[in-house]
Structure formats: structure tokens, C-alpha cells
Amino acid sequence: MNISKVNNVKKNILRASYYGKEGHVASALSIVDILFVLYDSVMNLSLDNLSSDDRDFLILSKGHASLAHAAILEAYKFITKNELMSYCSHESILGGHLDKRKVPGVEASTGSLGHGIAISIGLALASKIKKIQNRVFVIVGDGECNEGTFWESMLLGANHNLDNLCCIIDYNRSNDRALKLDSLEDKLTAFGWSVEVINGHSHKEIICSTNSIFPNKPKAIIANTIKGCGLKEMENNPAWHHRTPSKKELNNMIKELS
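Residues numbered from 1 in each chain as written. Predicted model: local features only at pLDDT ≥ 70, side-chain atom pairs only at ≥ 80, totals over all residues. Heavy atoms only, no water.

Caption draft 1: Looking closely at the overall build of the protein. Along the backbone of the protein there are nine helices and five strands. Put simply, the protein runs from its N terminus to its C terminus through helices and strands in the order α-α-β-α-α-α-β-α-β-α-β-α-β-α. Computed over C-alpha atoms, the radius of gyration of the protein comes to 17 Å, within 12% of the 18 Å expected from 2.2 N^0.38 for 258 residues, which places it in the range of a compact globule. For the protein, the spread of C-alpha atoms along the three principal axes comes to 50 × 40 × 30 Å. Burial statistics for the protein: of 258 residues in total, 54% are counted as buried. Here the protein displays about 11400 Å² of accessible surface, and carbon together with sulfur accounts for 50% of that area. The average position of the 29 basic charges and that of the 28 acidic charges among the side chains of the protein differ by 4 Å. (Helix = DSSP H or I, 4+ residues; strand = E, 2+ residues; numbered from the N terminus. Rg over C-alpha atoms; globule rule 2.2 N^0.38 Å. Buried < 20%, exposed > 50% of the residue type's maximum accessible area, 1.4 Å probe, protein only. Areas by Shrake-Rupley, 256 points an atom, 1.4 Å probe, with all protein chains shown as cover. Lys, Arg positive; Asp, Glu negative; His and termini not counted. Charge placed at Lys NZ, Arg CZ, Asp CG, Glu CD.)

Written as C-alpha cells, this is what we have:
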């Protein structure tokens, strides 16, 4: 686990949020490890092969965690540091939800929850029809699992035997305050998916699970995560769902990550 690289991404998330006075920082920190591992060790995806059909695809259905995706895209040279630090400023390419027409490496303009999984189903099915050897990854939040679109997509994925599709559920349980999803593993299994439950902050477990494919079945990974992971004040604190740090908080959090 490359802690220093991941913490640098977290620091940039905090800085971008501070300068832009916008962003779901805690939600972003929930998925940083997942995104880092996908780009660093799992996916065949880079700025150089974006125009290729046989590359891998990533859909961030959990669009409000855009800060995490933007910071990872900067770390892997899809966008510049100046572009990242312009987050949500006037005429920036980076909004509260990322726009695929403006940001290299963004496959879908998400925001309305529950639609990213449907888009990923279409991408995976198209690759199967074209006999392209690639994989499609989609990251959804646990709140999206309350949407009818999500479960309709689950049925479609299993019906079409999309074993080139991997759905990673960021299970930070922030949705439990509204509607609990207990027995999620049983539900997904019943819908015909191969299912694994992992620690969503363990790089080893993320690598092993994303590289493990069950023939003729799409893969669902329930990644148990901590909202605001890495910052004591923020971890599982609902007050940080949609809040940006003050200058003092920024300095203290940067120090904590150092």
C-alpha cells in the first residue's frame, strides 16, 4: 500500500475543496483507495489509450465524489494541477459533478444517482457484442442501491452474463440513517451476481477482488469503507457530508495526513 501517494491525493482533495468552497470531501475520501488501486494496478486505462476501444472503462456513478476522481485524474496526468485546483471556479473544467465533454478520462456525466450502473451495463454489453477483450468498472454509493434503476441493471447484467463488468459498491453505511441495506450480499447473489465483501481501504483486497472473475457472471464487490477515511474529525461525521474546510482545518488536516 503506497500510503504517501494516497495521502498526497487526499491532501489535494482538501486543497481543491478549500479553494473552490465546494465538494463532498468525506464521500471523496471514502473511495480514494479504490480509485487509486484501479488506476495504479488494475485497469488498462491511460491518457494515451482513451481513443482505443479495447481499453478498460471506469464509470463513477457516485458522482458527488467527483473530488476523488479529479484528484486521481491529476495524479495520473489526465488533467493538470492547475485544473484540479480550479475546482468549481468560474470557467473551470471541473464542476461539482464531472462533465465527460470537458474532462479527459471521464466516461459519463453522472449526478442523478443510480444511472451510472445502467451506463456501465451498456458499455459492457457493447464490448461483448463487438468481441472486445476489456473490462468495465463502475463505482456506486450505498444510497444508489435504493434506486429502482440499480436493481433493474443488476437483472440485466446477470441476464446477459456480463463477466466483463465489475460493480464496486462504496458501502460506507452513510445511507443507514435513511434506509438500511442489510443482507446486501444475499440480495446481489439472488440477482445472479458473483459477490465478494472486502475492506475497501485494503489495497491488497481491492487488487485480489477486482482481478478475480467468475465465468459468465458479473462481479459485485461490497467494499466496506469509512466516510472521511484518514481524518479523525471527519470519519463517519454527518456534519462533513457537504462541507469545505476552513483555513485552520485545512492546515490541521494536511498535518494529520503528513
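Moving on, there is more to tell.
Caption draft 2: Region of the structure containing the packing of aromatic side chains. Taken as a whole and judged by the stated rule, the model has six aromatic pairs. Centroid distance Tyr 18 to Tyr 19: 5.5 Å. Interplanar angle 65°. Geometry classified as edge-to-face. Overall, the relative accessible area of 16% leaves Tyr 18 in the buried class. Between Tyr 39 and Tyr 76 the ring centres are 6.0 Å apart and the planes differ by 25°, which places this aromatic pair in the stacked class. Here Tyr 39 is found in helix α2 (residues 25–42), whereas its partner Tyr 76 is found in the loop between α3 (66–75) and α4 (81–85), with 37 residues between them in sequence. Classification of Tyr 39 by relative accessible area gives buried; the value is 7%. Taking the relative accessible area as the measure of exposure, Tyr 76 reaches 23% and is therefore partly exposed. Among the aromatic residues, ring-to-ring pairing joins Phe 36, Tyr 39, Tyr 76 and Phe 78 into one connected group. If you follow Lys 217 out to its NZ or CZ, it ends over the ring of Phe 214, 5.4 Å from the centre. (Phe/Tyr/Trp six-rings, centres within 6.5 Å; stacked < 30°, edge-to-face > 60°. Lys NZ or Arg CZ within 6 Å of the ring centre and 35° of its normal.)

Caption draft 3: Spotlight on the pairing of strand β5 (residues 219–224). When you tally the buried positions in β5, you get five out of six residues, the bulk of the element. Two strands pair when backbone bridges link them, and strand β3 (residues 165–171) and β5 are joined in this way by six bridges, in the parallel orientation. Residue Cys 166 lies in a different strand from β5, and its bridge partner there is Lys 219. Relative to β5, strand β4 (residues 194–199) runs parallel, the two sharing six bridges. Note that in β5 the partner of Ile 198 across the bridge is Ala 223. As for the winding sense of the linkage, the β-α-β connection from β4 through helix α8 (residues 203–211) to β5 is right-handed. (Pairing = 2+ DSSP bridges. Right-handed = clockwise from strand over helix to strand, strands pointing away.)

Caption draft 4: Representation of the layout of surface pockets within the structure. By volume, the largest pocket is sized at about 320 Å³. Along its surface, the largest pocket is lined by 19 residues, and Asn 172, Ser 174, Asn 175, Lys 227 and His 241 are the ones closest to its centre. Taken together, the residues that form the lining of the largest pocket break down as two nonpolar, ten polar and seven charged. (1 Å grid on protein atoms, 1.4 Å probe; cavity = no way out; pocket = protein on both sides within 12 Å on 5 of 7 lines; lining within 4 Å. Points joined across faces, edges and corners; volume = space filled by probe spheres on them. Nonpolar A, V, L, I, M, F, W, Y, C, P; charged D, E, K, R; others polar.)

Caption draft 5: Structural context of the packing of helix α1 (residues 3–20) against α2. Two numbers describe how α1 lies on α2: the axes approach to 10 Å, and their chain directions differ by 150°. Of the possible angle classes, the one that applies to α1 and α2 is roughly antiparallel. Crossing handedness for the pair α1 and α2: right-handed. On α2, the residues that touch Lys 5, Val 6, Val 9, Lys 10, Ile 13, Leu 14 and Ser 17 of α1 are Val 25, Ala 28, Leu 29, Val 32, Asp 33 and Phe 36. A class-by-class count of the residues in the contact of α1 with α2 yields nine nonpolar, one polar and three charged. (Axes fitted to C-alpha atoms, helices over the stretch in contact; angles between N-to-C directions. Parallel < 35°, antiparallel > 145°, perpendicular 65-115°, else oblique. Left-handed = near helix turned anticlockwise from the far one by under 90°. Contact = heavy atoms within 4.5 Å.)

Caption draft 6: Examining the environment of Ala 124 more closely. You can see Ala 124 is positioned in helix α5 (residues 116–129). Ala 124 gets classed as buried once you look at its relative accessible area, which sits at 0%. With 56 residues separating them in the primary sequence, Ala 124 and Lys 180 have C-alpha atoms 29 Å apart. Residues in contact with Ala 124, not counting those within four places in the same chain, are Val 136, Leu 162, Asn 164 and Leu 165.

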